[in-house]
Amino acid sequence: MNNRVVNALAAASLSALLVAAFGGMAGAADPTDLVKERQQTMKKLGGGMGAVAKFVKNEGGTLDDAAKGAEAVLAVAKLDAKAVFVPGTAVGVGESAAKPELWQSWSVAEERWKAMQPAAVKLGEAIKGGDRAQIAQALGATSKTCGTCHEDFRVKKQ
Ligand code: HEC
């Protein structure tokens, strides 16, 4: 191969690399998509809590469903708050209902996010124990960790 061909090939593969890199970055950094992703993440929390509530209220949910629900809550609680609440995704971006105060009071918000973890662990333990009253109590405590954050950092729906 002569030098010109080698250079042309190198330039072509470099530009392909750049397209791949920037294309991927643009996809991940679209704030509207990040809001949608966060809302999906939150829905997982809601679904998990709902599964436990269905058992507690004796509405057809099995103990096994409740255990899976608590596991889902714990899995989300373990996510890094920074990845869930990416800066630049406050109310005004897409359908975001996240108040700007969430980022202004970041350490508080992060603490509230982390508070879900021990609550979800206790919820899982209560479910293993199988006692409905204890599960109900642990569910209430977990739900409080959601409510405390929503109270301060989530725009109320009209
Ligand atoms: C650190 C704060 C924080 C914690 C903790 C938290 N949330 Fe949220 N949640 C928010 C914010 C902020 C929004 C608004 C997100 C948006 O619109 O982008 C939200 C939105 C939601 C939504 C609506 C999602 C949608 O479709 O628009 C649900 C459901 C929800 N949260 C459930 C929960 C449950 C259940 C828990 C507890 C197990 C929980 N959240 C814990 C901050 C929190």
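Up top is the structure these notes are about.
Residues numbered from 1 in each chain as written. Predicted model: local features only at pLDDT ≥ 70, side-chain atom pairs only at ≥ 80, totals over all residues. Heavy atoms only, no water.

### Structural notes on the overall build of the chain
- Secondary structure summary: the chain contains 7 helices and 0 strands in total.
- Along the chain direction, N to C, the helices and strands of the chain fall in the order α-α-α-α-α-α-α.
- Within the chain, residue pairs in contact and separated by at least 24 positions form 69% of the contacts whose partners lie at least 6 positions apart.
- For the chain, the exposed surface amounts to about 9900 Å²; the carbon and sulfur share of it is 59%. (Helix = DSSP H or I, 4+ residues; strand = E, 2+ residues; numbered from the N terminus. Contact = heavy atoms within 4.5 Å. Areas by Shrake-Rupley, 256 points an atom, 1.4 Å probe, with all protein chains shown as cover.)

### Brief notes about the coordination of the iron atom of the ligand
- Around the iron atom of the ligand, the donor atoms from the protein are Met-42 (SD) and His-150 (NE2), and they sit 2.0 to 2.5 Å away.
- Geometry at the iron atom of the ligand is octahedral, judged from the 6 donor atoms that bind it and their angles of 85 to 179 degrees at the metal. Placement of Met-42 in helix α2 (residues 31-56) and of His-150 in helix α7 (residues 132-153) is noted, with a sequence separation of 108 residues between them.
- Here His-150 falls in the partly exposed class, since its relative accessible area comes to 29%. (Donors = N, O, S within 2.8 Å, 3.2 Å for Na, K, Ca; no water. Tetrahedral: all angles 85-135°; square planar, octahedral: opposite > 155°, others 65-115°. Buried < 20%, exposed > 50% of the residue type's maximum accessible area, 1.4 Å probe, protein only.)

### A short note on the site of the ligand
- Close contacts around the ligand come from 23 residues, with Met-42, Ala-97, Cys-146, Cys-149 and His-150 the closest.
- Within the contact set of the ligand, an oxygen atom lies 2.8 Å away from a side-chain nitrogen or oxygen of Gln-39.
- One of the side-chain nitrogen or oxygen atoms of His-150 is found 2.8 Å away from a nitrogen atom of the ligand.
- Among the secondary structure elements, those contributing two or more residues to the shell around the ligand are α2, α6 (106-129) and α7.
- If you tally residues by element for the shell around the ligand, the top one is α2, at 8 residues. (Near = heavy atom within 4 Å. Polar contact = N/O pair within 3.5 Å; in protein donor to acceptor, adjacent residues only side chain to side chain.)

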